[in-house]
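# Architecture at a glance
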Amino acid sequence: MLTISDTAADQLPQLLNNSPDEAVLRLVPDEQGFSMTLSHVQADDTTYEHSGKTLLVMEPAVNEALADKSLDIRNTEKGAQLTLV
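Below, the structure is looked at part by part. None of these values were measured; they are calculated from a predicted model.

Across its full length, the protein chain holds two helices and seven strands. Taken from N to C terminus, the helices and strands of the protein chain fall in the order β-α-β-β-β-β-α-β-β. Its C-alpha atoms give the protein chain a radius of gyration of 12 Å, within 12% of the compact-globule value 12 Å for 85 residues. C-alpha atoms of the protein chain, sized along the principal axes, occupy 40 × 30 × 25 Å. Taking as baseline every contact in the protein chain between residues at least 6 positions apart, the subset at least 24 positions apart corresponds to 48%. Total accessible area on the protein chain is roughly 5500 Å²; 46% of this is exposed by carbon and sulfur atoms.

Printed below as a string of structure tokens:
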């Protein structure tokens with residue numbers, strides 16, 4: 001199962017600012033690996049909560065593909081960014 005660092009979990013709510021209350025972030029496969037999109041919770045999603053609110057979801061196949069990964073923060077020239085390690 002994907003693990004999420006405390007610093008990454010603290011960052012996720014900021015990515016949902018100005019989004020509808022029911023909106024969540026969804027990890028999806030893309031050409032570079034994975035990205036996040038704005039979405040809604042689906043019945044078979046794996047969900048991640050922080051402070052009592054579901055913030056991040058993914059389909060079971062994505063969860064399986066990321067089972068040995070961690071979502072963390074990486075400091076870059078552009079500032080702190082979420083990264084899978």
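With seven bridges joining them, strand S2 (residues 24-30) and strand S3 (residues 33-39) adopt antiparallel strand pairing. Paired with Leu27 across the two strands is Met36, which belongs to S3. Bridge analysis of S2 against strand S5 (residues 53-58) gives two bridges, and the strand direction is parallel. When the sheet's bridge partners are listed, Leu25 is paired in S5 with Leu56.

A few words on the pairing of strand S4 (residues 46-50). Examined bridge by bridge, S4 and S5 share five bridges and lie antiparallel to one another. Bridge pairing in S5 links Thr46 to Met58. Once S4 ends, the chain turns through two residues before running back antiparallel as S5, passing Ser51 with a positive phi of about 55 degrees.

Another point: the pattern of salt bridges. Within the structure shown, the criterion is met by one salt bridge. Residue Arg26 pairs with Asp45 through a salt bridge whose shortest N-O separation is 2.6 Å. With Arg26 in strand S2 and Asp45 in the loop between S3 and S4, this pair connects stretches of sequence that are 19 residues apart. When sorted by exposure, Arg26 lands in the same class as Asp45, which is buried.

Definitions and limits used
Residues numbered from 1 in each chain as written. Predicted model: local features only at pLDDT ≥ 70, side-chain atom pairs only at ≥ 80, totals over all residues. Heavy atoms only, no water. Helix = DSSP H or I, 4+ residues; strand = E, 2+ residues; numbered from the N terminus. Rg over C-alpha atoms; globule rule 2.2 N^0.38 Å. Contact = heavy atoms within 4.5 Å. Areas by Shrake-Rupley, 256 points an atom, 1.4 Å probe, with all protein chains shown as cover. Pairing = 2+ DSSP bridges. Salt bridge = Lys/Arg side-chain N within 4 Å of Asp/Glu carboxyl O. Buried < 20%, exposed > 50% of the residue type's maximum accessible area, 1.4 Å probe, protein only.

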